[in-house]
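# Structural overview
What follows is the residue order along each chain.
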Amino acid sequence: MTSRTLHDATARPTGGPGFRTVLVANRGEIACRVIGTLRHLGVRSVAVFSDADADARHVREADVAVRLGPAPAAQSYLDVDAVVAAAVATGAEAVHPGYGFLSENPALARACARAGIAFVGPGVDALEAMADKLAAKSIVGARGVPVVPGAGEPGMSDDDLLAAAGAVGFPLLVKPSAGGGGKGMVVVRAEADLPGALASARRVAASSFGDDTLLLERLVEAPRHIEVQVLADTHGTVVHLGERECSLQRRHQKVVEEAPSPLLTPAQRARMGEAACEVARSVGYVGAGTVEFLVPAASPDEFFFIEMNTRLQVEHPVTEMVTGLDLVALQLRVAAGEPLGLAQDDVVLRGHAVEARLYAESPERGFLPATGSVLVYDDGGAPSGPGASPLRLDSGICAGTVVGGHYDPMLAKAVAWAETRDEAVERLDGLLARTVVLGVETNTAFLRSLLADDDVRAGRLDTGLIDRLVGSVPGSGSVTGPDEGPGGADVRRSLAAAALFLAEHAVVARPGGGTGHNRMLGEGTGGRDGDPWRVGDGWRLNGDAAARRVLLIDAGGGAHEVRVSGVVGDTVVHVPAPDDGAWPGSTTHAVRASLARDPGADGAWWLTVDGVRERVRLALDAPAGDGEPATVWVWHDGRTVALAAPDREQRAARARADRRRARGDAPGATDPEVRAAMPGTVVSAAADGEPVTTGDVLVTVEAMKMEHPLLAPHDGVADVRVRPGDLVRRDQVVAVVHPHDSGAAQPAAPVPQPDTQGAS
């Protein structure tokens, strides 16, 4: 365990909640968020980090930073002994767990108590009572809180549950008692399907949670997910801070949240709030917690208890913005034994706030997590923390941040407040448009399209809305937007900017220089070391300059050939026209363009196209390995695209592959190259040089709590190019099966793994 410190632990702050030093047992944006409040209160902050996070933003912002261990969460952020040892070593008087990781783990609360350190959260009894869904339903139901009708007790066999299903009624939901995040949940619409669903749910529950206890619940069709924020102290005070609408979810993961709910009337809000307070009282709850309810779409006057999250929630900023309270500061007050100093009548909701979660993920690839290095980051000038309004951006990244596959892919939370819901949504869209992240794919474009949906704008929400929209909402990586043809003005500008940026860096292939992308041959108007023969501007004796041809490939696989003539300061750029049918030799549209650096911000340039000058952000991601093309990242007018820029050798290889695919239209044709569908860590690999048959597992990649087996596309001999422990990039060739032919090897269905960090 190693640490570094910025000031003395014995220095007593001028204010604060009775603590002089607090350790934050988390990472990313929530660690930065908690550290911000500690700084405001004058409390010394201690960060913890894994090897993967040694230079992370939360480490830089804390007063002290302590290494926990290697990158895997089980050896670092989930190591209770290491966290408590870090607290003891730094003189921390309290541990704030954030959310995810150890935040709801009774073992951390017990270990803190043994060490004489305050745990910023509820007591062990409350943690354990609410962790068991069966026990929680029984406890709150006895206090008169409505629960979803169902059946289930510890020790009930499949036969017992089958017998009880009739009383519950179909359709119903099979749920692991000890689970979370939707894992193991199965919808059953007919009695004949129940035995298989029970067997499947038990397997998942046993492997994921170590407990195969199941319960049955009535399925609430197209429900709204509404939760209530509660606060309680050790002096008997229990209050609620209103509700949050969390119905916009994907795969049981919240995406956009808001406060208050556009559904509830003041009378409904009061009833639900009192029910939430009764849930907290039922287990002697202390601290900040969230009580979650389902509200049937067909009967909005009804609500049913789902569960209680015994920690701070990801979406707590929307509550802070409509109440004006700092929930972390209140958590610290309670943990120090002080009264809340807040009565129910003191809680006043003002205006409306909406939050969107910014993830490193690829919508085009089924929202698989994305990795990479942040080359350019700009928060649009939005401040962070509870004092920020009307715009707020709580972020855990900065330029240079490496986004890996070990942890949850959430990068930041964008939040907007206004007097009305419509204005808050508009402000949030504007903040997302101004937030620039280059180097890592994000879901920003998907979020903006979601916010523009008519049902979302009208407040007609339910937990299935996003799943219905996924097929129709565009992602973030294709050049062509929802209302643009391939030759639209925005597309022309993005392609022109990328081509000019490559020309500015003179990124060209050179004999004997590999792919050549790392060879920067001056700044476009002068060669390296002043050598005029290496300018790369297409100059020819007794003739017009030759046009430089740049092939740009978007995330959807669309290819766009752009021709650049002239010098960077005064260039004619030929981009594909609206009737473009194929990238080589197609119809083009000529624009006069120039690119000039803007020294005012990182990666900022002024792009002038046909006399119109606009600011763009650009970054060049050099190839990570042999045979990999460089990537040009372009942000323009609120949209970001990543464009691969293959050199001559790679273009030739692409053309050969296209010809192989054209010849391999017959059934059974496959590609010998096996590629990683997403970035991650190799956990197993077949022996190199061994014969394999179609469907054999060649490599297994672990990423974001899932294992992804990559299979042999055909019979042959395996040329395996990775080993266990290797980190692989998305689309990296991990194996080649000789021979032959064409097609594409597809990864098998992911195998679920136990959670390491949630972000609910």
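In this text, all values refer to a predicted model and were calculated from it rather than measured experimentally. (Residues numbered from 1 in each chain as written. Predicted model: local features only at pLDDT ≥ 70, side-chain atom pairs only at ≥ 80, totals over all residues. Heavy atoms only, no water.)

Take the overall build of the chain next. Tallying secondary structure elements over the chain gives 17 helices and 41 strands in all. Contacts in the chain between residues far apart in sequence, at least 24 positions, make up 63% of those at least 6 positions apart. For the chain, the accessible area works out to roughly 30,000 Å², and carbon and sulfur atoms hold 51% of it. (Helix = DSSP H or I, 4+ residues; strand = E, 2+ residues; numbered from the N terminus. Contact = heavy atoms within 4.5 Å. Areas by Shrake-Rupley, 256 points an atom, 1.4 Å probe, with all protein chains shown as cover.)

With antiparallel pairing, four strands are arranged side by side in an open sheet as β33-β40-β38-β35. Because the sheet does not close on itself, it has two edges, and the strands there are β33 (673-675) and β35 (691-692). Strand direction decides the pairing type here: strand β38 (residues 716-720) and strand β40 (residues 733-738), joined by four bridges, are antiparallel. Residue pairing in the sheet places D719 in a bridge with V736 of β40. (Pairing = 2+ DSSP bridges.)

To continue, consider the packing of aromatic side chains. This structure, assessed with the given rule, holds six aromatic pairs. For the pair Y77 and F101, a centre-to-centre distance of 5.0 Å together with 20° between the ring planes defines the contact as stacked. Pair noted here: Y77 is in the loop between β4 (64-69) and α3 (80-89) and F101 is in the loop between β5 (94-96) and α4 (106-114), with a separation of 24 residues, a long-range link. With a relative accessible area of 1%, Y77 lands in the buried category. Here F367 and F446 contribute two aromatic rings whose centre-to-centre distance is 4.9 Å and whose plane-to-plane angle is 80°, an arrangement assigned as edge-to-face. (Phe/Tyr/Trp six-rings, centres within 6.5 Å; stacked < 30°, edge-to-face > 60°. Buried < 20%, exposed > 50% of the residue type's maximum accessible area, 1.4 Å probe, protein only.)

This part takes up the environment of A382. Along the chain, A382 turns up in the loop between β20 (376-378) and β21 (391-395). Separated by 33 residues in sequence, A382 and V415 have C-alpha atoms that sit 9.5 Å apart. A382 has contacts with L391, L393 and L431, leaving out every residue within four places of it along the chain.

The subject of this paragraph is the sheet that holds β21. Taking strand neighbours across the sheet as the criterion, the eight strands line up as β15-β14-β11-β12-β13-β16-β23-β21 in an open arrangement whose pairing is antiparallel. In this open sheet, the two strands that pair with only one neighbour each are β15 (304-309) and β21. For this sheet, the mean inter-axis angle between neighbouring strands, taken without regard to orientation, is 25°. Of the strand pairs in this sheet, strand β13 (residues 253-259) and strand β16 (residues 352-359) are connected by four bridges, and their pairing is antiparallel. Bridged to A259 within β16 is A353. Across the sheet, helix α1 (residues 28-41) lies against β21 and β23 (410-418), angled at about 115° from β21, the strand it touches most. (Axes fitted to C-alpha atoms, helices over the stretch in contact; angles between N-to-C directions.)

Time to look at the packing of α1 against helix α11 (residues 327-335). The geometry of α1 relative to α11 is characterised by a closest axis approach of 9 Å and an angle of 70° between their N-to-C directions. With respect to each other, α1 and α11 are oriented roughly perpendicular. When you trace α1 past α11, the crossing you get is right-handed. Residues R33, V34, T37, L38 and L41 of α1 lie in contact with α11, whose contacting residues are L327, V328, A329 and L332. Class assignment of the residues belonging to the contact of α1 with α11 gives a composition of seven nonpolar, one polar and one charged. (Parallel < 35°, antiparallel > 145°, perpendicular 65-115°, else oblique. Left-handed = near helix turned anticlockwise from the far one by under 90°. Nonpolar A, V, L, I, M, F, W, Y, C, P; charged D, E, K, R; others polar.)

The next subject is the confidence of the model for the chain. The predicted model of the chain averages 84 in pLDDT, with 82% of residues at 70 or higher. In this model, residues 3-15 is a region of pLDDT below 50 whose contacts with residues beyond four sequence positions or in other chains number 28 contacts. Confidence drops under pLDDT 50 across residues 580-585; counting only partners more than four residues distant or on other chains, this segment forms eleven contacts. (pLDDT = per-residue confidence, 0-100.)

Its place among the elements puts E561 in strand β26 (residues 559-567). Within the structure, E561 has its side chain in polar contact with the side chain of R549 (distance 3.1 Å). (Polar contact = N/O pair within 3.5 Å; in protein donor to acceptor, adjacent residues only side chain to side chain.)

This brings us to empty space enclosed by the protein. Across all of its chains, the model carries three cavities of 30 Å³ or more by this definition. Each pocket or cavity is described by its volume, and for the second largest cavity that value is around 40 Å³. As for the second largest cavity, its lining consists of H96, P97, G98, S103, V120, G121, P122, A288, T310, R311, L312 and Q331. Residues that form the lining of the second largest cavity fall into these classes: five nonpolar, six polar and one charged. (1 Å grid on protein atoms, 1.4 Å probe; cavity = no way out; pocket = protein on both sides within 12 Å on 5 of 7 lines; lining within 4 Å. Points joined across faces, edges and corners; volume = space filled by probe spheres on them.)

Scanning the entire structure with this criterion turns up 43 salt bridges. Between R250 and E361 there is a salt bridge, with its nearest N and O atoms 3.2 Å apart. Here R250, found in strand β12 (residues 238-250), pairs with E361, found in strand β17 (residues 361-362); they are 111 residues apart in sequence, far enough to count as distant. Here R250 falls in the buried class, since its relative accessible area comes to 11%. Look at E361 and you get buried, because its relative accessible area is 4%. For R675, the salt bridge goes to E673, with nearest N and O atoms at 2.8 Å. The exposure class of R675 is partly exposed, given its relative accessible area of 34%. A single salt-bridge network, built from bridges that share partners, covers E227, R244, K254, E257, E292, E315 and R357. (Salt bridge = Lys/Arg side-chain N within 4 Å of Asp/Glu carboxyl O.)

Another aspect to go through is the packing of helix α12 (residues 421-434) against helix α13 (residues 444-451). Where α12 meets α13, the closest approach of the two axes is 10 Å, and the angle between their N-to-C directions is 160°. Classed by the angle they form, the pair α12 and α13 counts as roughly antiparallel. Where α12 crosses over α13, the handedness of that crossing is left-handed. In this structure, α12 uses V425, L428, D429, L432 and A433 to contact α13, whose residues at the interface are T444, L447, R448 and L451. Of the residues contributing to the contact of α12 with α13, the split by class is six nonpolar, one polar and two charged.

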